[in-house]
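# Secondary and tertiary structure notes
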Amino acid sequence: MNASRTIYKAILLLASAWLLPSVLCAQQLYVSNMQVRARNAAVSDGYCDDIDFKVTGTISGPISGTLSSSTVSGTMVYYTGTSTRTAVTANCNAITRVVPVNLSGTYSGTLSGAVTGYDNWANGTVSGVLTAPSVSGTASPGSIPFRDNASGLCTMMSPSQAVTCTPTTLTMTTTANGTVSGNTITAVIPATPETSPNLTCSGGTTSMQAGQYAWTGSGSKNVTGNIGPGTLTGPANYDDYDVSFISSISGNTVEPAVWSAKIEMEHPRTAYPSACLGLCASLICVSDAGSFGIDELTFEIFKFSAGSNPLDPASTPPIRTVSMYNIGTCNSSGNAEYRIGSFCTAWDATYNLNGLFGKTNGQFGFRAKVRTNQVSATAGNISIEQTAAYPGQDQLPITVDVVNVHAVKSSPTVVGRITGVAAQPYNILYRLSKDASATI
């Protein structure tokens, strides 16, 4: 009997597990872009440690939208003045009546603001004062009775009154999420809900004549609705620029294989090509289970040789490794793409040569490896590792072409069995950048 109950419970548990919807959590973390960059001469110290892939700019553009109110109430009043028309008596309806009005106005203007970002995006706050030619409506109370003393009878009128409101401006502030293409930043502002400031509305003037009607609103009114969409644009300003593929310099056509991603100086200078470059990678993540931290971003620099595969460390062993710190957090939610940022490291073409750092001529590339190993309350263990390599499509390898001696290592001959002492001759090891004559 107990065995039967146990089997029955097991069947129920399996059935419940099959009937309950499964919860699948997905996270992605990857390198979205890799570039080799050089610093603009006007803002450079020549050491490449200030290359950051940062983009700034000011964007602006027109935007408009029609705002309207739900029905607002006001009072339609008949001005008796000194006319023969007097206040009605009991046999006629009141000449003061609550009359609803629908208000509307089309606001337009220009939004502008500074944006900043990295790689191919730039975000920021934009604002502007929007103006409506008028915010208005019409009060139409229908037929209103009044009494005429001359006849003593109740007669009817069907007045209508234009209602206008002030002020007719509003200040709009919103966030612009821009994309960068070439030298232009473009941000599409979606339709954004806005509410006007408090409006004071009335129909007619203080000099209304006898026999006329005026509408007077009580309290503050508002109109609401969507402003936009609209498109804002502006120039993209980089303090550093992409040299992964160069076909012109200062308007002059050059050979990309010769001038792209090049290091040809031993000492820093502000002009390109110089003694260093910035190696950059951009990171993007996607998550449907909340945020998670990024544990590691590593750059591995390698030198090309016969049969090299950039993604295979066995055929392209790293000659220098650089670890980045404080990479940040993936703040994606609802499977929305989140840009973590762009990260650059300076490289002056040096690496370990026989125990000393020096340079050799040749062509080089680098790998960017991003990794996280976090525990989430909703997604459990998040373990992701992804590697991308430079050069990629429409990019050329880093070319090192310096002209001086790259590395010199000298050591004296050691003599003595108990305590070694230095003596002649000296052993000197030279590594040259290219074929050259040497004199000692």
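Rules used throughout
- Residues numbered from 1 in each chain as written.
- Predicted model: local features only at pLDDT ≥ 70, side-chain atom pairs only at ≥ 80, totals over all residues.
- Heavy atoms only, no water.
- Helix = DSSP H or I, 4+ residues; strand = E, 2+ residues; numbered from the N terminus.
- Buried < 20%, exposed > 50% of the residue type's maximum accessible area, 1.4 Å probe, protein only.
- Contact = heavy atoms within 4.5 Å.
- Areas by Shrake-Rupley, 256 points an atom, 1.4 Å probe, with all protein chains shown as cover.
- 1 Å grid on protein atoms, 1.4 Å probe; cavity = no way out; pocket = protein on both sides within 12 Å on 5 of 7 lines; lining within 4 Å.
- Points joined across faces, edges and corners; volume = space filled by probe spheres on them.
- Nonpolar A, V, L, I, M, F, W, Y, C, P; charged D, E, K, R; others polar.
- Disulfide = S-S within 2.5 Å.
- Phe/Tyr/Trp six-rings, centres within 6.5 Å; stacked < 30°, edge-to-face > 60°.
- Polar contact = N/O pair within 3.5 Å; in protein donor to acceptor, adjacent residues only side chain to side chain.

## Observations concerning the overall build of the protein chain
When helices and strands are tallied, the protein chain shows two helices and 36 strands. Across the 440 residues of the protein chain, 38% fall into the buried class. Here the contacts in the protein chain between residues at least 6 apart in sequence split such that 74% fall between residues at least 24 apart. Approximately 23,300 Å² of the protein chain is accessible, and the part contributed by carbon and sulfur atoms is 52%.

## Observations regarding empty space enclosed by the protein
One pass over the full model with this rule turns up one cavity of 30 Å³ or more. Of the pockets and cavities examined, the largest cavity occupies roughly 80 Å³. Lining the largest cavity are 14 residues, and of these Ala38, Arg39, Arg269, Ala271 and Ser274 sit closest to its centre. Looking at the lining of the largest cavity residue by residue, the classes come out as eight nonpolar, four polar and two charged.

## With respect to the state of the cysteines
Across all of its chains, the model carries four disulfides by this definition. Across the disulfide from Cys48 sits Cys276; the S-S distance is 2.0 Å. The sign of the 85 degrees torsion about the S-S bond sets the Cys48-Cys276 disulfide as right-handed. Taken together, the positions of Cys48 in the loop between strand S1 (27–39) and strand S2 (54–68) and Cys276 in the loop between strand S23 (262–263) and strand S24 (277–287) put the pair 228 residues apart, joining distant regions of the chain.

## Some words on the packing of aromatic side chains
A full pass over the atoms with the stated rule returns seven aromatic pairs. A ring pair is formed by Tyr241 and Tyr272, whose centres lie 6.5 Å apart and whose planes are at 75 degrees; its orientation type is edge-to-face. With a gap of 31 residues between them, Tyr241 in strand S20 (residues 240–242) and Tyr272 in the loop between S23 and S24 connect regions that are remote in the sequence. Given the relative accessible area of 15%, Tyr272 is considered buried. Plain terms: the ring middles of Trp347 and Phe364 are 5.3 Å apart, the flat faces sit at 65 degrees to each other, and that makes the pair edge-to-face.

## Details of the side chain of Thr316
Note that Thr316 resides in the loop between strand S26 (296–303) and strand S27 (320–324). Here Thr316 falls in the buried class, since its relative accessible area comes to 0%. Polar contacts involving the side chain of Thr316 include one to the main-chain carbonyl oxygen of Asp312, which spans 2.8 Å. Within the structure, Thr316 has its side chain in polar contact with the side chain of Arg367 (distance 2.7 Å). Excluding anything up to four places from it in sequence, Thr316 contacts Phe302, Ser308, Asn309, Pro310 and Arg367.

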